[in-house]
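Chain by chain, the residues:
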Amino acid sequence: MLVDGGTADVTALKDRAPSGILCTAQVPWTNTSPVTQILKELGSTLFSAVALFVSPLADFSYVVAEAERCFPDTDVLACTTAGEIGNTGYDEGLIVAIGFPKSGFATKSLLIEGIQDLHAQPLIDRIALERVALQELNPDMEHGFAFLVVDGLSLSEDTLAATISPALRDMPIFGGSAGDGIDFGETLVALNGKISSNAAVLTLMRSRHKARVFSLDHLVPTERQMVVTEADPDRRIVKSINAEPAAREYARIVGKDPEQLDRFTFASHPVVVRIGGTHHVRAIQQVNDAGELVFFSAIDEGMVLTVAKPDNMAEHLRRKMEDLSKDGVPANIIGCDCILRRIEAEQTQMSRELSDILSSHRVTGFSTYGEQIGPLHVNHTMSGVAFYHTESSSE
C-alpha cells in the first residue's frame, strides 16, 4: 500500500511490475530538438504508431514537423495538452511519447476533419472498412481497441463519439480532448505532419497483448438537484437554472458566493447527469461575462443536474489501479485524465500522492479537456487502456 509521498513504495511496486509492452520517452519542451531526443530514448524499435502529447508551452508546429522527419515511415499522432503524465506522474512542460512496437501492434490512424459539420454515414463506412481490413490483415492479433484524440475546443466531441462508436462494433474506444493548459485558447491535433483544429485523430489498433479499456471517476451523487431551464446547446452554455440566472443559482445550491466562482469551485462541486443507470459528469468550464455557465460537454434545456461530492481521490485511484491488477499486473497503462482532476488534486494537496500512484502503475498520458469512453464524451474522469503480457493463444 502506498503512503503519501512514499518514494520507496513506488520503487518497490515498479520493481515488481512486468517489463513494459509500450516504449515511452519524455523531454522538456525547452529541448531544441525534442523529437530527435525522443527517437534516441525510444531506441531502434520499429513502431506501427507513435503518440505525442505536447505541452502548450512547446512550438507544436515545430514538434510535429520534426516528428515527420524522425518517423518518416510511422504514423505519428499528436495533440496539445492541459498537462502531461510522465515518469513521475503529473507534470507540465513536457513532450511525452508512446511508441507501439510493430512486434505487438498493428494500427491504422485516420484524420477526421470538419467535426463541427460531420457527414456521419461516409465516416461510419470509412471506419468500418478500415476496422475490418485491419482485423483481416492481422488475424494473429486477437485484441483490439481504438484511441481517439480530438480538438478540445471544438464543442463537437459528444457528436463525434456517438457517431464513431457504432462503426467500431465490439472494438472498445477511449480517448481524450486536446488541451491548452488552463488558458482555453487553442487546442490542436495532428497526424503525419498535418496539423488541424476542429478535427480528431482516430487510431484503430490490433494487438497480441491483452488490452483492457477502462473509465473511472471518484464522484458520488448527492440529493441536491437543479434543472436547466434555458440553454444554448450549440455553445454548451446554460443561461438559467431553476428559472434563475445560472451562475447565481448554482452558487446558491453549492453554498458559494456567486462572485467567487472559479475552476476550483467547479472541480470540488461537480454536477452529474443520469444516463441509463449511470451518472456522468457534465463539468463546468467557466462563468462568462453574462453570468452564464459554460460547460465542457453537451448540455440542454430540461436536463436534471445533480451535485456530486468527491470521494478521496487518491484512495479511489489506488483501488481502481488495484482492480486493474487482479488478473495480472499491467505492463503499461495509457491514461487520459481530466484537467479538473488535476485541479482538484492541487486544491486538496493530493498531487504528490496521486503522482506516486500513477508512476508506480506505469501510467503515461495527458490531462484533457474531456474524455471519450464508448459512445460518450464525459468529464472529471480518467479513461484509458491497460496492457498485459498475456498473449494470443495462437502464439
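Side note on the UniProt feature "domain: FIST" (unreviewed entry) in the chain
- Using the residue numbers shown here, the UniProt feature "domain: FIST" (unreviewed entry) corresponds to residues 46–245.
- Secondary structure content for residues 46–245 is 20% helix and 47% strand, and the end C-alpha separation is 56 Å.

Side note on helix H2 (residues 34–42)
- Listing the buried residues of H2 in full gives Pro 34, Val 35, Ile 38 and Leu 42. The arc that holds the buried residues of H2, viewed along the axis, is 90°, so those residues lie on one side.
- Contact partners of the buried residues in H2: strand E1 (23–28), strand E2 (47–54), helix H3 (60–70) and strand E6 (94–101).
- Once H2 ends, the next one or two residues include Gly 43, with phi positive near 80°.

Points about the sheet that holds strand E10 (residues 189–191)
- Taken in spatial order, the six strands of this open sheet run E1-E6-E2-E3-E10-E11, and their pairing is mixed. Lying at the two open borders of the sheet, with one neighbouring strand each, are E1 and strand E11 (194–196). Neighbour-to-neighbour, the strand axes of the sheet open up by a mean angle of 15°, direction not taken into account.
- Taken together, the three bridges between E10 and E11 define a ladder with antiparallel strand orientation. Counted as the bridge partner of Val 189 is Ser 196 from E11.
- Across the sheet, H2 is in contact with E1, E2 and E6; its angle to E1 comes to roughly 145°.
- Against the sheet, H3 contacts E2, strand E3 (75–80), E6, E10 and E11, and its axis sits at roughly 170° relative to E3.

What about the nonpolar core?
- Membership of the largest hydrophobic core comes to 32 residues, with the highest contact counts inside it found for Phe 53, Phe 100, Val 149, Phe 174, Ile 334 and Phe 387.
- Here this core gets four residues from one element, more than from any other, and that element is E6.
- For Val 149, the residues in contact, after removing those within four places along its chain, are Leu 77, Cys 79, Gly 176, Val 189, Ala 200, Val 201 and Phe 366.
- The next biggest cluster of nonpolar side chains, apart from the first, holds 23 residues, and it includes Val 35, Val 63, Ala 67 and Ala 78.

Re the domain arrangement of the chain
- When its domains are assigned, the chain resolves into domain 1 (23–216 + 314–388) and domain 2 (219–310).
- Distance from the C-alpha centre of domain 1 to the C-alpha centre of domain 2: 28 Å.
- Together, the buried faces of domain 1 and domain 2 total about 1,700 Å²; carbon and sulfur atoms form 64% of this surface.
- Per-residue buried area on domain 1 facing domain 2 is highest for Leu 155, Asn 379 and His 380; these three make up 29% of the total on that side.
- Connecting domain 1 to domain 2 are two salt bridges.
- For the salt bridge of Arg 236 with Glu 157, the shortest nitrogen-to-oxygen distance reads 2.6 Å.
- Take the side of domain 1 that touches domain 2: its biggest share by element is five residues, from helix H9 (residues 339–347).

Some details on the pairing of strand E18 (residues 278–281)
- In this structure, strand E17 (residues 271–275) lies alongside E18, joined through four bridges in antiparallel fashion. Each residue of the ladder has a partner; that of Val 272, found in E18, is Val 281.
- Joining the antiparallel neighbours E17 and E18 is a turn of two residues, in which Gly 276 adopts a positive phi near 65°.

Concerning the sheet that holds strand E9 (residues 173–177)
- Spatial strand order, E7-E12-E8-E9-E24-E25: six strands in an open sheet with mixed pairing. Each of the sheet's edge strands pairs with one partner strand only, and the pair in question is strand E7 (105–113) and strand E25 (376–378). Geometrically, the sheet is characterised by an average inter-axis angle of 20° between neighbouring strands, direction not taken into account.
- The pairing of E9 with strand E24 (residues 371–373) spans three bridges and is antiparallel. Looking at E24, one finds that Gly 175 is bridged to Gln 372.

Rules used throughout
Residues numbered from 1 in each chain as written. Predicted model: local features only at pLDDT ≥ 70, side-chain atom pairs only at ≥ 80, totals over all residues. Heavy atoms only, no water. UniProt positions renumbered as here; feature names shortened; annotations may be inferred. Helix = DSSP H or I, 4+ residues; strand = E, 2+ residues; numbered from the N terminus. Buried < 20%, exposed > 50% of the residue type's maximum accessible area, 1.4 Å probe, protein only. Arc of directions from axis to C-beta. Contact = heavy atoms within 4.5 Å. Pairing = 2+ DSSP bridges. Axes fitted to C-alpha atoms, helices over the stretch in contact; angles between N-to-C directions. Core = buried A, V, L, I, M, F, W, Y, C linked by side-chain atoms within 4.5 Å. Domains from an automatic or database assignment. Buried area = accessible area lost by both parts, 1.4 Å probe. Salt bridge = Lys/Arg side-chain N within 4 Å of Asp/Glu carboxyl O.

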